Amino acid sequence: MDIAKKQVMEILSHDADQIFELSRDSLIGTSYPMLSELKEDIVQGLDDDLEIIVKRLTGQPSDLDIVTITGMGGIGKTTLAKKAYDHLPIRYHFDIHVWVTISQQFQRRNVLLDACHCISKQTVIDKAKDYDEMDESIFPECNNKSRILLTTREREVAMYANPVRPHEMNLLDSDNSWKLLRHKVFGSKHDHPSELEEIGKKIVQKCQGLPLTISVIAGHLYKMTRMLESWKDVARTLSEIVATHPDK
């Protein structure tokens, strides 16, 4: 449990802002590499969020627009952005799709150059062109429904990028929290011992609806013997962690 606690705290403390750019010419995105181990997670309750994001990316206006996703660390911002990135209508809507990683310490020009190099791999361009000599006007207003998708835990950043309609992600409710834990521990068939359901719901309640925390705890439970007392031990330990870190 100490290891699980350390993993959660480390990931949440290093959660980086994300930025995506989608257009008829390009799509640029970022992710935080520490979350790559969780990329196969199935996060419950994101269907409605995904529908909203897809509509905003593919709808009006025709000029450049910035769509922002905001929420606390570990709530599933990157997962939602990746779902949108891989969503079939998005793959058909935009001609080019590029995923660029941005760390907490970065240089803007290097990020833009990385984007250009990724775009060049998917388009027929003059290979002799020296991107290092380019200026930084990479996101022009071309009236072609260009999109930037930005994810950040800081609402101020989201409002700075676009003060109109930032998409705020909510914590999972109790039902979806239990579904996520159940799926991670017992698989898609959800074949679980009935005596573990009540204590399992108590465990996810202590995770306070945070998908990342539920995923880490589920990974721990998956390796344990599926006995009632073992799960009760996890619940007790979680109570102690929550009590000692109420603000996290």
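Figured I'd write up the structure that's included with this text.

Rules used throughout
Residues numbered from 1 in each chain as written. Predicted model: local features only at pLDDT ≥ 70, side-chain atom pairs only at ≥ 80, totals over all residues. Heavy atoms only, no water. Salt bridge = Lys/Arg side-chain N within 4 Å of Asp/Glu carboxyl O. Helix = DSSP H or I, 4+ residues; strand = E, 2+ residues; numbered from the N terminus. Buried < 20%, exposed > 50% of the residue type's maximum accessible area, 1.4 Å probe, protein only. Core = buried A, V, L, I, M, F, W, Y, C linked by side-chain atoms within 4.5 Å. Pairing = 2+ DSSP bridges. Phe/Tyr/Trp six-rings, centres within 6.5 Å; stacked < 30°, edge-to-face > 60°. Expected span 1.5 Å × (residues − 1). Arc of directions from axis to C-beta.

Moving on: the pattern of salt bridges. Evaluation of the coordinates by the stated rule reveals 7 salt bridges. Residue arginine 155 is joined to glutamate 168 by a salt bridge in which the shortest nitrogen-to-oxygen separation is 2.1 Å. Of the two residues, arginine 155 sits in helix 6 (residues 155-161) while glutamate 168 sits in strand 5 (residues 167-168), which places them 13 residues apart along the sequence. Judged by its relative accessible area of 37%, arginine 155 falls in the partly exposed class. The exposure class assigned to glutamate 168 is partly exposed, which follows from its relative accessible area of 43%. Residue aspartate 233 is joined to arginine 236 by a salt bridge in which the shortest nitrogen-to-oxygen separation is 2.1 Å. One end of the pair is aspartate 233 and the other is arginine 236, both in helix 10 (residues 228-244) and 3 residues apart, which spans about a single turn.

In a soluble, globular protein the nonpolar side chains are often hidden away together inside. Leu181, Val185, Ile203, Ile214, Ile217, Leu221 and Trp231 are the most contacted members of the largest nonpolar core, which totals 19 residues. Sorting the residues of this core by element identifies helix 7 (174-186), helix 8 (197-206), helix 9 (211-222) and helix 10 as the ones contributing at least two each.

Quick look at the pairing of strand 4 (residues 147-152) now. The element strand 4 is largely enclosed, with a buried count of 6 among its 6 residues. Residues Arg147, Leu149 and Thr151 of strand 4 are buried on one face, and the alternating residues Ile148, Leu150 and Thr152, pointing to the opposite face, are buried as well. Sheet analysis places strand 3 (residues 65-70) next to strand 4, joined by 6 bridges and oriented parallel. Opposite valine 67, over in strand 4, you have leucine 149 as the bridge partner.

For strand 3, the tally of buried residues reaches 5 of 6 residues, placing the bulk of the element in the interior. Relative to strand 5, strand 3 runs parallel, the two sharing 2 bridges. Bridging from a neighbouring strand, threonine 70 pairs with glutamate 168 of strand 5.

All right, on to the packing of aromatic side chains then. Enumeration according to the criterion identifies 1 aromatic pair in this entry. An angle of 25° between the planes, with centres 5.8 Å apart, marks the rings of phenylalanine 186 and tryptophan 231 as stacked. A residue pair is termed long-range when its members are at least 10 positions apart, and phenylalanine 186 in helix 7 and tryptophan 231 in helix 10 qualify at 45 residues. The two residues phenylalanine 186 and tryptophan 231 agree in class, both being buried.

End to end, helix 10 covers 25 Å across 17 residues, agreeing with the expected 24 Å (1.5 Å per residue, within 8%). When helix 10 is considered as a whole, its buried residues turn out to be Ser230, Trp231, Val234, Ala235, Leu238 and Ile241. In an axial view of helix 10, the angular spread of the buried residues amounts to 140°, which keeps them on one side of the axis. In helix 10, the exposed positions that point more than 90 degrees away from the buried face belong to Glu240, Ala243 and Thr244.

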